[in-house]
Amino acid sequence: MKVSQTFLPTLREVPADAVIVSHRLMMRAAMLRKLANGLFAYLPIGLRSLRKVERIVREEMDAIGSLEIKPTVVVPGEIWKESGRWDTMGDGMLRVKNRLGGDFVVSPTAEEAFTALVRDELSSYRQLPLTLYQINTKYRDEIRPRYGVMRGREFTMKDAYSYHTDEASLDETYQAMGRAYRRIFKRCGLTVIPVRADTGAMGGTGSEEFMVESEIGDNTLILCRSCDYAANVEKAGCKPDFAAPADLAAADIAAAAVPARAKVSTPSVRTIDELCAFLKTDSKKFIKTLVYKAVNVELDLSAAPGCAKLNRRAAAPDAPKSYPEAFFAVAIRGDLDVNETKLAAVLKASEVALASDVDVERLTGAPVGFAGPVGLTLLPVVADETVTAMSDAVTGGLEKDIHFEHVAYGRDFAPWLVADVRVVKAGDRCSVCGGELYEKKGNELGHIFKLGYKYTKSMNVSFLDEQGKAQVPTMGCYGIGVDRTLASIIEERHDDDGIVWPMSVAPFQVSIVPIKYEGAMKEAADKLAAELEAQGIEVLLDDRTERPGVKFKDADLIGIPLRVVVGDKNLPKVEVKARGEKEPRLVEAAAAAAELAAAVRKELAVLNA
Ligand SMILES: [Zn+2]
């Protein structure tokens, strides 16, 4: 293709609102234009690369037997009401009414649409397993869309949904998806960090996120310097940095040498820092106690301290282990923070949040800042594992301006529950190998997830098993953000001059730049382009009357992997240079096509291996 025949309005200036590299380069290289906040049009050269990512995704999905369909983007609100998500999706879901007053949704995701389709067609176990996917437009009404297509409102996603007779079949598809995802990102030339949910404290084997490192990432990752441990900070665990006694009896022995617990007056001292200064001690000697309110707790609290009084609305007779809300005291070593995601998992709660000051005072009998686990009768105490190793600690005294010194775990208080609820930080030790953990910001490009029965049950999907008995299928879902993958390739592969595409995603594979598009140079450039195109190589020939410097700058900005310069001085030789290389090589024009085609195929073969 000739530049004069395409639409390539490259920019020298960087748009003011483009703060990350991929956004800047996608605008400058004429891949994108903004229509409104979070809404972008792909121009021809950008669409070529987007389609290439889609093609890679499609090939890998097809290869594992996933079947592509094309559902609608606008779907009836009814199916969202059936699943229960009409009320829980919030304002991120764009709802519209049609002329008859019916509710519709512009799909932000498609569990409901696929499940409704499968429900209507599924009758027998013989139809399962079934995996369907789409590569289609999605819309999320982000409050603050930014970073170009990295966090836009409208975007392209590949989403697949699988349906199975049993867990083993779901696991087989889930594992195949994991392998396909690794191949997809490798073929796109991307380095991804696979993060499994089961690497942390939470158990389970049903979720894996594919992250790329990114300064603007929404996720904090905890990684090990010595092994491949990788976890989202929300779920990360670490090796204990303390020696815990085996049980309460052992804790008692450890406490034997500790002086008796004593009250100490601490007027107006509330924060840990103030207390450390006042008592001339270290935050690691302090047991911090925080009061949390948990919602929808699915844990049997009947034996928990204070519960009979507190959980008045608790325990409907048919669901004795479900509490609409309950309060807990969480005790943790003073230098650490409570990980609320882990805490919610431990309490089997849908949500946890710090209790209000009023609740804290009501439940601890003291102003905020003086809570402690000793003598706390109105609240079940959840102790972080670190607390079990503390035999001479400082705690709040459940009275204004009072703390306790010489508090020993076991001797002075016994928690209701011991669990790992700490936030893991850089510098902590890896639970797998003991290596040093560090933090990175990451962006999620893909996620595979075993959903189980959530949608198939709420939407009444069933099939007849071999015995003719009705069963509910189990389900998995698998997403990849296509625009985000494209932008992430640019984030990872660029230099000061522009994009450095991998061969698999480059809009064109070879650029031909005649110094002047006339005479022998025109003839040689046209001949080379024709030879390459005859071999199936994608060529962009710069036939403009611009100065050579301008053409070189554009070729580098667009990031085409191989460049050929055709100049008077060198003919019958031409200059060949790969995008990442400094110096060109001279090649006989007559041999250039064969050499370039071989180079393109070689790089593709490496990426596809
Ligand atoms: Zn490790």
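That block above? That's the structure.
Residues numbered from 1 in each chain as written. Predicted model: local features only at pLDDT ≥ 70, side-chain atom pairs only at ≥ 80, totals over all residues.

Attention now moves to the overall build of the chain. On a plain count of helices and strands, the chain comes out with 15 helices and 31 strands. Considering only C-alpha atoms, the chain reaches an extent of 100 × 65 × 45 Å along its principal axes. (Helix = DSSP H or I, 4+ residues; strand = E, 2+ residues; numbered from the N terminus.)

Once that is clear, we can look at the packing of helix 2 (residues 44-63) against helix 5 (residues 167-187). Between helix 2 and helix 5, the shortest axis-to-axis distance is 9 Å and the interhelical angle comes to 155 degrees. Considered as vectors, helix 2 and helix 5 are oriented roughly antiparallel to each other. Crossing of helix 2 over helix 5 shows right-handed handedness. Only Ala180, Arg183, Ile184 and Arg187 of helix 5 make contact with helix 2, whose side of the interface consists of Ile56, Val57, Glu60, Met61 and Ala63. Taken together, the residues of the contact of helix 2 with helix 5 break down into six nonpolar, no polar and three charged. (Axes fitted to C-alpha atoms, helices over the stretch in contact; angles between N-to-C directions. Parallel < 35°, antiparallel > 145°, perpendicular 65-115°, else oblique. Left-handed = near helix turned anticlockwise from the far one by under 90°. Contact = placed C-beta atoms within 7 Å. Nonpolar A, V, L, I, M, F, W, Y, C, P; charged D, E, K, R; others polar.)

A separate point is the environment of Leu604. Tracing the chain through its elements places Leu604 in helix 15 (residues 589-608). The exposure class of Leu604 is partly exposed, given the 15 C-beta atoms found within 10 Å. Along the primary structure Leu604 and Met503 are separated by 101 residues, whereas in three dimensions their C-alpha atoms are 6.1 Å apart. (Buried ≥ 20, exposed ≤ 12 C-beta atoms within 10 Å, placed from the backbone.)

The alternating pattern of strand 17 (residues 381-384) places Val381 and Ala383 on one face and Val382 and Asp384 on the opposite face, and all of these are buried. With three bridges joining them, strand 15 (residues 323-333) and strand 17 adopt parallel strand pairing. Looking at the pairing, Ala329 lines up with Val381 of strand 17. Bridge analysis of strand 17 against strand 20 (residues 417-419) gives three bridges, and the strand direction is parallel. Paired with Ala383 across the two strands is Val418, which belongs to strand 20. (Pairing = 2+ DSSP bridges.)

On to the sheet that holds strand 31 (residues 585-588), then. Sheet strands pair via backbone hydrogen bonds, and the direction of the pair is either parallel or antiparallel. Taken together, five strands build an open sheet; the order of strands is 28-27-29-30-31 and the sheet is mixed. In this open sheet, the two edge strands, each paired with only one partner strand, are strand 28 (539-541) and strand 31. For this sheet, the mean angle separating the axes of adjacent strands, direction not counted, is 25 degrees. Judged from the four bridges that link them, strand 29 (residues 562-566) and strand 30 (residues 573-578) form a sheet pairing that is antiparallel. Looking across to strand 30, one finds that Leu562 is bridged to Ala578. Together, strand 27 (510-514), strand 28, strand 29 and strand 30 form the strand contacts of helix 13 (residues 519-534), whose direction differs from that of strand 27 by roughly 170 degrees. Here helix 15 sits on the sheet in contact with strand 27, strand 29, strand 30 and strand 31, set at roughly 115 degrees to strand 31.

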